[in-house]
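Overview (structure and organization)
Each chain, letter by letter, is given below.
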Amino acid sequence: MYIQHLNISDFFLNSIMSEPTDNNTINPFSVALKQLDEASKIIGIDKGMHDVLAQPKRILIVSIPTRMDNDEIHVFTGFRSQHNDARGPFKGGIRYHPQVSIDEVKALSMWMTWKCAIANIPYGGGKGGIICNPKQMSTGELERMTRRYAYAIADIIGPHTDIPAPDVYTGGKEMSWIMDTYSALKGNFVQPEVITGKPLAIGGSLGRNEATGRGLSFTVREAAKKLGINLRAATVAVQGFGNAGQFAAQLLEEMGAKVVAVSDSQGGISNKNGISIGSARAHKEKTGSVVGFPGSNSISNEEILETDCTILVPAALENQITKNNAANVSAKLVAEAANGPTTPEADEILHKNKIMVIPDVLANSGGVTVSYFEWLQNLRREYWTEEQVNSMLDKKMTEAFSDVYDTHDKYQVNMRNASIALAVGRVTEAIKTRGLWP
Ligand code: GLU
């Protein structure tokens, strides 16, 4: 055991220092900084304020020794990046993925700050993650790892300081374990408001599960009005069939659009005549993937981005639309369900080609918006109806879209720059109003 302990620090350092691999050679934090630079120029903030926003306020790196099913101990590395809390507690998800890195969580936490400011909800931005492959772990291993991570970050999270939520490959199950561990550690009474995205049985909100996809569909509806797109005649391609991708596809289908291609980590499928999302989901539940769905052609995760369609929804990971393939995007509208799917170079190409992008920090902000509703219900010990949640979400998303669109009009910049400029303006105003102490 002692020898293993010595090895832990090597592994720990290696995993922190190692560069992102594979398709993730573009550093997401450099992308986030570039976007911040652009936005700062647009609204003219001073260097000091820019520098405050260019770094997270705090990052915690934790080692997570976990007993695996074969009785060996495996030490995972986890992070929690707290970017900014000028407008309210840090807020943002926790992801489980082999490609999680310190720069990825830094970028994602900055994007959460912008997202909450655009949604105009009283939160700042945070993000957490564990470097792991949850698909190769048993439920018991996941539970022990999650609880140990919750214990490791317990002192920096809390209902009024930092409120985590689900993200890539985490969901209600993980949120329950974190809520239970935190509650047991911090006074041993139930504290549902420490985390959102919980199952209904322990204070989750109706509508939270579908919220990211539903919110995205509202922003698509608003963008379609501006662009003169008839959703009943529109076609949709969705890269990524996790929580956000599935519900985005389903809700756009409900609005009358035809989904012609979807994909997941195993590959993609297409059908010009339309893919029934309910049946594709059932196929994925049965077989583990959308691949092989009867009546469809198979396509790759790269090809899906170039599908002939009206609306493209990247709903997987970062850096999917890059300078190498942006010119081949044929959609009129890109609605980003994923965080960071488009690089700054690709943004310019899409803008030049008159393709509107509803940026991640706007398009997928429905998730955190309903997280906010969940938190309010928990603090007040209330339960709201699904209709109430959905109509409040619609109002919030419509307002956020219109605020970003007006900013884009005012400064004559693309929707990404407009959204971040709007957010930076709101956050800097909060920082200035509070002042520096001491
Ligand atoms: N992980 C989601 C996001 O990236 C939800 C965050 C939350 O609900 O706090 O927006």
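Note that the structure is predicted; figures quoted are calculated from it, not measured.

When you go through the chain residue by residue, the secondary structure sums to 14 helices and 12 strands. A globule of 438 residues ought to have a C-alpha radius of gyration of about 22 Å, and the chain, at 21 Å, matches this closely. Projecting the C-alpha coordinates of the chain onto the three principal axes gives extents of approximately 60 × 55 × 45 Å. In the chain, which comprises 438 residues, the proportion classed as buried is 61%. Restricting the contact set of the chain to residue pairs at least 6 apart, pairs at least 24 apart contribute 70%. For the chain, the computed accessible surface area is about 18,100 Å², with 52% contributed by carbon and sulfur atoms. The distance from the centre of the 44 positive side-chain charges to the centre of the 47 negative ones in the chain is 4 Å.

Glancing now at the sheet that holds strand β12 (residues 356-358). Read from one edge of the open sheet, seven strands run β9-β8-β7-β6-β10-β11-β12, paired in mixed fashion. For this open sheet the edge positions go to β9 (297-299) and β12, each flanked by a neighbour on one side alone. The average angle at which neighbouring strand axes cross in this sheet is 20°, direction not considered. Note that strand β6 (residues 235-239) and strand β7 (residues 258-264) share five bridges and pair parallel. Following the sheet pairing, Ala237 is matched in β7 by Ala261. Here helix α8 (residues 243-254) sits on the sheet in contact with β6, β7 and β10 (311-314), set at roughly 170° to β6.

In this section: the packing of helix α5 (residues 139-153) against helix α6 (residues 172-185). Look at α5 against α6: their axes get within 9 Å of each other, and the N-to-C directions meet at 45°. What the angle tells us is that α5 and α6 run oblique. For the element pair α5 and α6, the recorded crossing hand is right-handed. Each of Thr139, Leu142, Glu143, Thr146, Arg147, Ala150 and Tyr151 in α5 lies in contact with α6, whose residues at this interface are Lys173, Glu174, Trp177, Ile178, Asp180, Thr181 and Leu185. For the contact of α5 with α6, the residue count by class is six nonpolar, three polar and five charged.

This next bit is on the sheet that holds strand β5 (residues 162-166). On the basis of which strands lie adjacent, the open sheet formed by five strands has the order β1-β2-β4-β3-β5 and mixed pairing. The open sheet has two free edges, formed respectively by β1 (58-67) and β5, since each of these has just one partner strand. Across this sheet, the average inter-strand angle for adjacent strands is 20°, counted without regard to direction. In terms of strand pairing, strand β2 (residues 73-84) meets strand β4 (residues 125-131) through seven bridges, oriented antiparallel. Along β4, the bridge assignment pairs Asn84 with Gly125.

So, on to the pattern of salt bridges. If you walk through the whole model with that rule in mind, you get 27 salt bridges. We note a salt bridge from Arg95 to Asp167, for which the minimum N-O separation is 2.7 Å. Of the two residues, Arg95 is situated in strand β3 (residues 90-97) and Asp167 in the loop between β5 and α6; the sequence distance between them amounts to 72 residues. Of the two residues examined, Arg95 and Asp167, each falls in the buried class. A salt bridge links Arg416 to Glu336; the shortest N-O distance between them is 2.8 Å. With a gap of 80 residues between them, Arg416 in helix α14 (residues 415-434) and Glu336 in the loop between β11 (333-335) and α10 (344-352) connect regions that are remote in the sequence. Each of the two residues, Arg416 as well as Glu336, counts as buried.

As a structural note, the neighbourhood of the ligand is formed by 14 residues, with Lys91, Lys115, Pro166, Asp167 and Ser371 the closest of them. The side chain of Lys127 places a nitrogen or oxygen atom 3.0 Å from an oxygen atom of the ligand. Residue assignment for the shell around the ligand shows that the elements contributing at least two residues are β3, α4 (102-118), β5 and α12 (366-380). Its residues assigned to classes, the shell around the ligand shows four nonpolar, five polar and five charged.

Criteria and thresholds
Residues numbered from 1 in each chain as written. Predicted model: local features only at pLDDT ≥ 70, side-chain atom pairs only at ≥ 80, totals over all residues. Heavy atoms only, no water. Helix = DSSP H or I, 4+ residues; strand = E, 2+ residues; numbered from the N terminus. Rg over C-alpha atoms; globule rule 2.2 N^0.38 Å. Buried < 20%, exposed > 50% of the residue type's maximum accessible area, 1.4 Å probe, protein only. Contact = heavy atoms within 4.5 Å. Areas by Shrake-Rupley, 256 points an atom, 1.4 Å probe, with all protein chains shown as cover. Lys, Arg positive; Asp, Glu negative; His and termini not counted. Charge placed at Lys NZ, Arg CZ, Asp CG, Glu CD. Pairing = 2+ DSSP bridges. Axes fitted to C-alpha atoms, helices over the stretch in contact; angles between N-to-C directions. Parallel < 35°, antiparallel > 145°, perpendicular 65-115°, else oblique. Left-handed = near helix turned anticlockwise from the far one by under 90°. Nonpolar A, V, L, I, M, F, W, Y, C, P; charged D, E, K, R; others polar. Salt bridge = Lys/Arg side-chain N within 4 Å of Asp/Glu carboxyl O. Near = heavy atom within 4 Å. Polar contact = N/O pair within 3.5 Å; in protein donor to acceptor, adjacent residues only side chain to side chain.

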